[in-house]
Amino acid sequence: MAIDLVMRRDWLARPPRGDYTQLDSTKGVKVHYTGGLVSPGIVADHDQCVAMVRSIQGYHMDGNGWIDIGYCADEETEILTRRGWTSYTRLRAGDLVLTLDHGTGMSQWQPVLEVCVFPARPREMVRMEGAGHSSLTTPQHRWPVERRRAGADSERLWVTTETMGHADRVALAAPCADLPGEAKWSDAVVEVVAWLATGGRKDSIGVARMRAALTSAVGPGWRETSDGFHLPADAGRRLSEVAPGGVPSHDFLLSLTRAQLALFMEASFGTRNHLTLEDRAAAEAFMFAVLLTGAPASLREKAPGGGWQVRVGRQQSFAPHRRGRFSITRELYHGEIWCPRTENQSWLARRAGTVYFTGNSYVCCPHRTVFEGRGLHHLPAANGSGLNAGHYAVLGLVGNSGLVEPPDGILHGILDAVQYVKDYGRAGKEIKGHRDGYSTDCPGEPLYAWVKRGAPRPGGDNGTPEPPAAPPFPGRLLKYPPVMRGPDVRAWQGQMKKRGYTLDVDGAYGAESRNVCLRFQREQNVPADGIVGPVTWRLSWEAPLT
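Just so it is clear, the model here is predicted, and its values are computed rather than measured.

Quick notes on the rules
- Residues numbered from 1 in each chain as written.
- Predicted model: local features only at pLDDT ≥ 70, side-chain atom pairs only at ≥ 80, totals over all residues.
- Heavy atoms only, no water.
- Helix = DSSP H or I, 4+ residues; strand = E, 2+ residues; numbered from the N terminus.
- Buried < 20%, exposed > 50% of the residue type's maximum accessible area, 1.4 Å probe, protein only.
- Areas by Shrake-Rupley, 256 points an atom, 1.4 Å probe, with all protein chains shown as cover.
- Expected span 1.5 Å × (residues − 1).
- Polar contact = N/O pair within 3.5 Å; in protein donor to acceptor, adjacent residues only side chain to side chain.
- Contact = heavy atoms within 4.5 Å.
- Core = buried A, V, L, I, M, F, W, Y, C linked by side-chain atoms within 4.5 Å.
- Pairing = 2+ DSSP bridges.
- Axes fitted to C-alpha atoms, helices over the stretch in contact; angles between N-to-C directions.
- Left-handed = near helix turned anticlockwise from the far one by under 90°.
- Nonpolar A, V, L, I, M, F, W, Y, C, P; charged D, E, K, R; others polar.
- Salt bridge = Lys/Arg side-chain N within 4 Å of Asp/Glu carboxyl O.

Student: Outline the overall build of the protein chain, listing residues and values.
Tutor: Assigned secondary structure in the protein chain consists of twelve helices and 30 strands. Looking at the protein chain as a whole, 55% of its 546 residues are labelled buried. As displayed, the protein chain has an accessible area near 23,200 Å², and 51% of this comes from carbon and sulfur atoms.

What follows is the structure, given as structure tokens:
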């Protein structure tokens, strides 16, 4: 039977408010459901299916502010890039931003794939406000959380503002996986820069220690007086290259090893958990350094003219529903909303000086009819960013109450839609559930069980088999230079050799392995950086063989 496709014009779809993101080829399809109550009456009344599809588009455009059938932060929310905190108006695709690999719990620098900005208009937003946290996001905004239960291991999940529970904790910081392994500067230089950035006080790290650091870092020529240490002109010029005006540059801080970041913190903060500086730029630099160490940080102005205080937090996460003097309210917001798209589906946000990690279609009815959503070659908003961005979305009209078990007509319609996007939309072979990209109930237990069985055609046995599951990501990025060695490298090399690539399985990730990685990433239409991260690792096992 040929596909029974109802085009947008035929179900009276509203025109989009903007341009779609192009999707020229994909790894396959992610299956969704509508959630909520779906009336069983749609099985006998096709007009109800048409009305539901229109209702879904209206909710996505009017409720979510999307350009078409298809979650976001306010204008005050900033994002951390390698050049510091940046507003959405200055953020560009390709900028490296700090993200959270929610599988490993480590932070990573990843390029922004797309900056999604939605126009200003009145819309309901959710404000979470209290000591140590401030956010203003759209309803159903996604959060990476750790769910802790008594007597059981904690688990990492994606939740929405509405589904966040008392056991859920939002990540405030995470150890960075991308710190250099080899030192570029001596420890003495690190100590001297920390001393300069805190104002060059004689008592900042101890007199004897400062004398030793200056002798090692700048050599003879420095002077000691009753009010402090004084550097020779040539040493001052050299240090100004890494700390112009006494403020450590972001490039300098990014070049420090994990041990040197700890040394920088100890030399500047000492045993305190806060530091007050007159210059905001210096305070921003110290906040950047704190976050690179994997510790949480906040920044606030003590009083007009009273300086800027950087505070190191003691907790890696916080539980919004467990905090005293903490409120979760809804309010009307009239400004623009925005969200970056990254491979890890997450980004480090700052609002009102507080920092936290946050996140960022075809419809089939029971009558074996397929409604065109955004159409071929367009990124579906329902899939969102990260692991789901490389798939089309096909939505079955079933919910989590009412019509829950998908009738054969819906299953046939989903498979008809899958074949259609394969034939005309350059879709790959994968058929997965929405939850395979991140933790969610979608597409519901009955529909997901069918997907896991290989999505067989009702009355036949010609479903698409599941690809082999990838082993757990080893927890570190495989990259070159320098050469990295280990069993994780050997496992990845062996898998790539099975895929037909020519390389030595020697456990050493060097130039040859990087070149194979680049080729594979380009073939899979993911950002090609030559680094085996969580997505490239998974695709090495699960991507269809060509």
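Student: Could you give an account of helix α6 (residues 258-269), with specific residues and numbers?
Tutor: Residues that lie three or four places apart on an α-helix share one face, since the helix turns once every 3.6 residues. Across its twelve residues, α6 extends 16 Å between first and last C-alpha, which sits within 8% of the 16 Å expected from 1.5 Å per residue. Along α6, the residues classified as buried are Gln260, Leu261, Leu263, Phe264, Met265, Ala267, Ser268 and Phe269. Positive backbone phi, at 65°, marks glycine 270, one or two positions downstream of α6.

Student: Any details on the side chain of aspartate 178? Residues and values, ideally.
Tutor: Tracing the sequence through the fold places aspartate 178 in the loop between β13 (168-171) and α2 (187-197). A distance of 2.8 Å separates a polar side-chain atom of aspartate 178 from the backbone nitrogen of tryptophan 109. Apart from the residues within four sequence positions on either side, aspartate 178 is in contact with Gln108, Trp109, Leu477 and Lys479.

Student: Provide a residue-level description of the nonpolar core, including the pertinent values.
Tutor: Membership of the largest hydrophobic core comes to 56 residues, with the highest contact counts inside it found for Leu253 and Phe264. The element contributing the most residues to this core is helix α7 (residues 280-293), with ten residues. Not counting chain neighbours up to four residues away, the residues in contact with leucine 253 comprise Pro248, Leu261, Phe264, Ala285, Phe288, Ala289 and Leu292.

Student: Account for the sheet that holds strand β17 (residues 297-301), naming residues and giving values.
Tutor: Strand order in the open sheet made by the three strands is β16-β18-β17, with antiparallel pairing throughout. At either margin of the open sheet sits one strand with a lone partner, and together these are β16 (274-277) and β17. Strand-to-strand twist of the sheet, defined as the mean angle between neighbouring strand axes without regard to direction, takes the value 15°. Two strands pair when backbone bridges link them, and β17 and strand β18 (residues 308-312) are joined in this way by five bridges, in the antiparallel orientation. Pairing of glutamate 301 across the sheet is with tryptophan 308, part of β18.

Student: Give a detailed account of the sheet that holds strand β20 (residues 326-333), specifying residues and quantitative values.
Tutor: The strand order across the open sheet formed by three strands is β10-β9-β20, and the pairing between neighbours is antiparallel. A single partner strand is all that each edge strand has here, and the edge strands are β10 (133-137) and β20. Going across the sheet, the axis of each strand differs from the next one's by a mean of 15°, ignoring polarity. Where strand β9 (residues 123-130) and β10 come together, five bridges link them in antiparallel fashion. Paired with valine 126 across the strands is threonine 137, a residue of β10.

Student: Describe in detail the packing of α2 against α6, supporting the description with residues and values.
Tutor: Running from amino to carboxyl end, α2 crosses α6 at an angle of 40°, the nearest separation of the two axes being 9 Å. Of the two possible hands of crossing, α2 and α6 adopt the one that is right-handed. Two secondary-structure elements touch here, α2 through Asp187, Val190, Glu191, Val193 and Ala194 and α6 through Gln260, Leu263, Phe264, Ala267 and Ser268. Among the residues making up the contact of α2 with α6, the classes are represented as six nonpolar, two polar and two charged.

Student: Would you mind going over the pattern of salt bridges in detail, with residue names and values included?
Tutor: As enumerated under the stated definition, the model contains 15 salt bridges in all. Here aspartate 178 ties to lysine 479 by a salt bridge, and the two come within 3.8 Å at their closest N and O atoms. Residue lysine 479 is classed as partly exposed on the basis of its relative accessible area of 25%. Arginine 538 serves as the salt-bridge partner of glutamate 542, at 3.4 Å between the closest nitrogen and oxygen. Of this pair, glutamate 542 and arginine 538 both sit in helix α12 (residues 534-542), four residues apart, roughly one helical turn. When sorted by exposure, glutamate 542 lands in the same class as arginine 538, which is buried. Because the salt bridges share partners, they merge into one network encompassing Glu78, Arg280, Glu284 and Arg350.

Student: Quick one: what's the story with the environment of alanine 197, residue by residue and with numbers?
Tutor: You can see alanine 197 is positioned in helix α2. Not counting residues within four places of it along the chain, the set of residues in contact with alanine 197 comprises Gly246, Pro248, Leu277, Ala282 and Phe286.

All quantities given are derived from atomic positions and should not be read as evidence of function.
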